[in-house]
Every structure is written in C-alpha cells, then in structure tokens.
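Analysis of the macromolecular model
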Amino acid sequence: MGIAENYDEVLKGKYPAKAHAKKVADWIVSKGGEKTGTIYLEAQKSRLLEDNDGEAPFRQRRFFYYLSGCILGDSYLTYDIASEKLTLFIPPIEPDEVMWSGLPMSVEEAQEKYDVDAVKTTKEVNSYLTSTSSSAQSTVFAIPDQVSDHITFLSFKAKDFSLLKPAIETCRVTKSDYEIALIRKANAISTAAHIGVMKAAAKATNETELEAVFLASCIERNAKHQAYHSIVAAGENAATLHYVKNDHPISSQNLLLLDAGCEVDCYASDITRTFPLSGTFTAESRAIYDIVLDMQRQCIAALHAGVLWDSVHELAHKIAIAGLLKLDILTGGSADELLAARISVAFFPHGLGHFLGMDTHDTGGNPDYADKDPMFRYLRTRGHVPARSVITVEPGIYFCRFIIEPYLRDAEQAKFIDEGVLEKYWNVGGVRIEGEFVVETPTC
C-alpha cells in the first residue's frame, strides 16, 4: 500500500498542526532564528461584498492553516518555539451575530477539534503576547502585511518579518501522511466528477453543461470548493492553455479537454483528461493523444526522489519531437537539431508539472520566469524533487495559431515545420493528460 493510500483511515485523526509548527520552527532556527522566539500568524479576515451586506467568498490563508488546521476566519495563532506550545485564538460569541448566523464554534469545541495545546478567544491575543514575550523570548516571527493594526509586538525585543514565510513555503513541499490523504480524497472525488463529464459529453450542446456536471458531482460528495477555475475546452478552444470561458457551443468538435479538480479541507487535486466527445477519435487527434500519453508514461517512469525535474521536462520534449517527426509535422533536421532549436516549444510551451498541496501551483517550486531558454521559462518546478513531495505530470501538445505562426514566419524555425501537414491538425486544438504523484524513494 502506498503512502496514505487508505485516506479514510488516516483522516480519522487530526490535521498535524503541531508537527507542522515544529517543522517550521526548526527551519527558522536552522537559519539563525531565535530559539526562544514566538511565531505569530493571522487567519484571513471575513469581508463583505463591496456596497453590499453579503459575505464575500472566503478562502483561508494557507500559511495560517498549515500551522492550525483551522478554517475559521478572523482567528490568530502563536507558537512558542522553546516550549513548543501552539495556541489558537478564535472569535468569541457575539450575540448580534448569533441571531443571523447561529452559534459559532466554542473554545471547548475548538480544543477538541484542532491539534493545538490551548484555545482562547481573539479578545485575549494582545494580553497573551504581552504576558508570554519575556526577555527570554526576544523575537517574534511574522509575515509582512499579515499583522493587524491593533496587534502589538511592543514587548518583544526584536521583530523578524523575513524568515516565517519562506520557512512555511519550504516545509510545505514535503507532505505528511495526513496531507497526502487529503489530496488522495480530493483526487478520488474529482475522478468521479471527470467520469460523470465523460458520460454526459455525447449529449452536451455547450461547454457550460459539462462544467455544471463536474461541479454538481463534487458538491454532492461534499467538496464544495474547487482548487482552481475549471477548463472545459472543446475543439480548438483547448489550444488556449488556461481557457476559462467554458461557454462555447459543442457541435462538430472531436475532443474535449477537461482540466478540473476540487479541494478538500484546503488541499487541492489537479486532473486533466482529453477525450473524444462522441467516443471516437479522428486519425489526427488519436495520433496526438498517443504522443502525449507516451510523454506522460515515460516521464512517470523517470520520476523518483532526487530526480532533476528539469531533466524529466527535457525528456518530455524529446518524446514530443520523436512523435511529431514520425507524423511529419516536424521535418528538415535530426531530433537533436530540433531540440537545440527549441522547435518543440511551439507545440509544448508550458512546464511538465508543478508541486501540489494547499495551492494548485504549490510553494517551493523555485521557478525562473526570466530564464532565457524558452524550453524552461514556464517550468514551475526547478531543481531536484524531494521524497514525499506531490507533483503533477502534465505533458501536452497544442495547435495554437498565436504560438505557432511566429515560428512559421521565422525562416530559421519554419524550415523545421511542414505547413502542409500541420494544416490537418489545427482542429485537434490541444491534448493534455495530467495526474498527480507522490514522490517516493526508489526501492532496491
């Protein structure tokens, strides 16, 4: 059984907030941070819609959630590094609010629900900071622009706004069993929703109908939030990498690209499948699908702890070149010459994948969007991939006129592309196949 494969059993426990807090504190100390300091974080504030008394959609701050597991807005937390004490502060009961929204979570309920040492109300935050920040606790670690105006750090000798954010971003890359279980659950729900769309596709007359099928399937499984805006792209719309209109009529298009995933307790799934709306590929769409599937399978086989992700991404380009040469879309040079000329970027312009966790494009990838090499510019993860990270593998081939036509106008690049053959593939649009994978150390 793989890591946290039995997610229901793992999720019977509590979100490991204290383990995360210690992990973050250890990182801070390893970088020279004060061993007797205090970590301070704030939840997202609840807000009303502009010029309206309705509540704006709420999304918990991921930095706060990582050290608390708490979804409540307007909350705070502290972690005393020396004593390893994690304290959560939640909103008190306000009688005027109870009339409209019902009773909020009580201190006692929060103490039972969350993996923390103590729970207090938000009215006690400043007095607690003052009483616990003695000279032995000289530094408070916080995130810039995430400290409310009424909060005082006057009793601390030093304030550090540089270490906490990168500490959490780094620690989030490697996942606990509980985190992996949450991602697996989100993935299972999203898989069921993808299958529902596939079953409904043949009778759909608009992309919107299929987006609705996906959303309904997630919601009925109690996953009410999406990890990102779904991409429901029929035919040539799939050539737009982050197509979001999802409202185009469906008539004679062959393929549908569905990139959609729900989230569960702030953890994301991210799945893409491309399939024929009628159940039957055209010769051209099947040929492209087979290349992309080969790209994904070989890249998955190359994935293991410590692998250089840049190299796996390059492998995907090599497979794409071999496939497009076989179809005669690419021509006029050897595979090595085409790779050196970066011609495959015209058809596969994005990165092979990214870390996944509380954010769809999760922290710690260290991308370099200023890279002058177009093959690596949009690669969201660079460097070696650690064990217990979760990463997506999402190769694609696209026939986007906006991207490819500049190559056709450049004499040095155009000599590698057969426009006559290319003409047959424009209506394929795009093919992407994406799954997420727990990176494990290879066994001997």
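Per chain, the residues get numbers from 1 upward, laid out in the order the sequence is written. Residue-level local features of this predicted model are given only where pLDDT is at least 70; pairs of side-chain atoms are given and counted only at 80 or more, and the full residue set underlies all totals for whole chains, interfaces and linings. With hydrogens and water stripped out, all remaining heavy atoms of the structure feed into the side-chain values.

1. Some points on the overall build of the protein chain
- Secondary structure elements follow DSSP: runs of H or I no shorter than four residues count as helices, runs of E no shorter than two count as strands, and numbering proceeds from the N terminus. When helices and strands are tallied, the protein chain shows 15 helices and 16 strands.
- At 25 Å, the protein chain has a C-alpha radius of gyration in line with the 22 Å of a compact globule built from 444 residues.
- Judged by the C-alpha coordinates and their principal axes, the protein chain covers about 75 × 50 × 50 Å.
- Type-normalised accessible area, obtained with a 1.4 Å probe on protein chains alone, sets the label of each residue: buried when under 20%, exposed when over 50%, and partly exposed for intermediate values. A total of 444 residues make up the protein chain; the buried ones form 51% of that total.
- Contact criterion: two residues are considered in contact whenever any of their non-hydrogen atoms come within 4.5 Å of each other. Long-range pairs, those at least 24 residues apart, make up 73% of the contacts in the protein chain with a sequence separation of at least 6. For this measure, only C-alpha atoms enter the radius of gyration; the expected value for a globule follows 2.2 Å times N^0.38, where N is the number of residues.

2. Examining the sheet that holds strand 12 (residues 271-276)
- Strand order across the open sheet formed by three strands is 8-9-12, with antiparallel pairing between neighbours. Across the chains shown, the open sheet's two edge strands, defined by having one partner strand only, are strand 8 (231-234) and strand 12. The average angle at which neighbouring strand axes cross in this sheet is 10°, direction not considered.
- Pairing geometry for strand 8 and strand 9 (residues 255-260), over four bridges, is antiparallel. When the sheet's bridge partners are listed, Ala-233 is paired in strand 9 with Leu-257.
- Contacting strand 9 and strand 12, helix 8 (residues 177-200) crosses the sheet at an angle of about 15° to strand 12. Whether two strands pair depends on DSSP finding at least two bridges between them. Whenever a helix is involved, its axis is fitted only over the stretch in contact; in every case the axis is a line through C-alpha atoms, and angles between N-to-C directions fall within 0 to 180 degrees.

3. A closer look at the side chain of Gln-296
- Here Gln-296 lies in helix 10 (residues 283-301).
- For Gln-296, a relative accessible area of 8% translates into the label buried.
- Contact partners of Gln-296, with chain neighbours within four places excluded, come to Val-393, Pro-395, Ile-433, Glu-434 and Gly-435.

4. Thoughts on a negative patch on the surface
- The residues that make up patches have over 30% relative accessible area and no salt bridge, and they are joined within 9 Å when like-charged or within 5 Å when they are Val, Leu, Ile, Met, Phe, Trp or Tyr. Exposure was quantified through the Shrake-Rupley algorithm and a 1.4 Å probe, taking into account, for residues, occlusion by the shown protein chains and nothing else. One side-chain nitrogen of Lys or Arg within 4 Å of one carboxyl oxygen of Asp or Glu is enough to make a salt bridge. We treat Lys and Arg as the positive residues and Asp and Glu as the negative residues; His and chain ends play no part in the count. Note on charges: their place is set at NZ of Lys, CZ of Arg, CG of Asp or CD of Glu. The grouping of Glu-55, Glu-94, Asp-96 and Glu-97 at the surface amounts to a negative patch.
- Summarising the element assignment, Glu-94 is placed in the loop between strand 3 (85-90) and helix 4 (95-101).

5. Here's the deal with the sheet that holds strand 11 (residues 267-268)
- Taken in spatial order, the three strands make up an open sheet running 7-10-11, and their pairing is antiparallel. Single-partner strands in this sheet number two, and they are strand 7 (225-226) and strand 11.
- Taken together, the two bridges between strand 10 (residues 262-264) and strand 11 define a ladder with antiparallel strand orientation. Paired with Glu-263 across the strands is Ala-268, a residue of strand 11.

6. Remarks on the packing of aromatic side chains
- Between 30 and 60 degrees the pair is tilted, below 30 it is stacked and above 60 it is edge-to-face, where a pair is any two Phe, Tyr or Trp rings, Trp via its six-membered ring, whose centres lie within 6.5 Å. Under the definition given, this model contains 10 aromatic pairs.
- Each ring, one from Phe-89 and one from Tyr-128, has its centre 5.4 Å from the other, and the planes form 65°; the classification is edge-to-face. Placement of Phe-89 in strand 3 and of Tyr-128 in helix 6 (residues 125-132) is noted, with a sequence separation of 39 residues between them. Here Phe-89 and Tyr-128 have matching classes, each one buried.
- Here Phe-347 and Phe-399 contribute two aromatic rings whose centre-to-centre distance is 5.9 Å and whose plane-to-plane angle is 70°, an arrangement assigned as edge-to-face. Placement of the pair is Phe-347 in the loop between helix 12 (335-341) and strand 13 (390-393) and Phe-399 in the loop between strand 14 (396-398) and helix 13 (401-409), with a sequence separation of 52 residues.
- Taking the relative accessible area as the measure of exposure, Phe-347 reaches 1% and is therefore buried.
- The class for Phe-399 is buried, based on a relative accessible area of 2%.
- One aromatic cluster in this structure is built from Tyr-15, Tyr-65, Tyr-178 and Tyr-267.
- In this scheme, the term charge over a ring applies when either NZ of a lysine or CZ of an arginine sits within 6 Å of the ring centre and within 35 degrees of the ring normal. Positioned above the aromatic ring of Phe-63 is the side chain of Arg-172, whose terminal nitrogen or guanidinium carbon lies 6.0 Å from the ring centre.

7. Digging into helix 6
- All buried positions along helix 6 are accounted for by Val-125, Tyr-128 and Leu-129. Within helix 6, the buried residues cover an arc of 100° as seen down the axis, which keeps them to one side.
- Taken together, the buried residues of helix 6 touch strand 1 (38-42), strand 2 (76-80), strand 3 and strand 4 (118-121). Of all possible arcs, the one meant is that of the directions from the helix axis to the C-beta atoms.

8. A few points about the domain arrangement of the protein chain
- Start and end points for every domain follow an automatic or database-based domain assignment. As assigned here, the protein chain comprises domain 1 (17-173) and domain 2 (177-439).
- Contact with domain 2 buries surface across domain 1, with Arg-62, Arg-172 and Val-173 losing the most and accounting together for 57% of the total.
- Our count for the contact surface shared by domain 1 and domain 2 stands at four salt bridges.
- We note a salt bridge from Arg-172 to Asp-362, for which the minimum N-O separation is 2.6 Å.
- N or O atoms closer than or at 3.5 Å make up a polar contact, with two conditions inside protein: a donor-capable atom paired with an acceptor-capable one, and, for residues adjacent in sequence, both atoms drawn from side chains. One can count eight residue pairs in polar contact (both at pLDDT 80 or more) joining domain 1 with domain 2.
- Top element by residues in the side of domain 1 that touches domain 2 is helix 3 (residues 62-66). It accounts for three residues.
- Three classes are used, and their members are as follows: Ala, Val, Leu, Ile, Met, Phe, Trp, Tyr, Cys and Pro are nonpolar, Asp, Glu, Lys and Arg are charged, and the others, Gly among them, are polar. Residues that form the side of domain 1 that touches domain 2 fall into these classes: four nonpolar, two polar and four charged. Once two parts are put together, the accessible area they lose, assessed with a 1.4 Å probe and summed over both, is termed the buried area.

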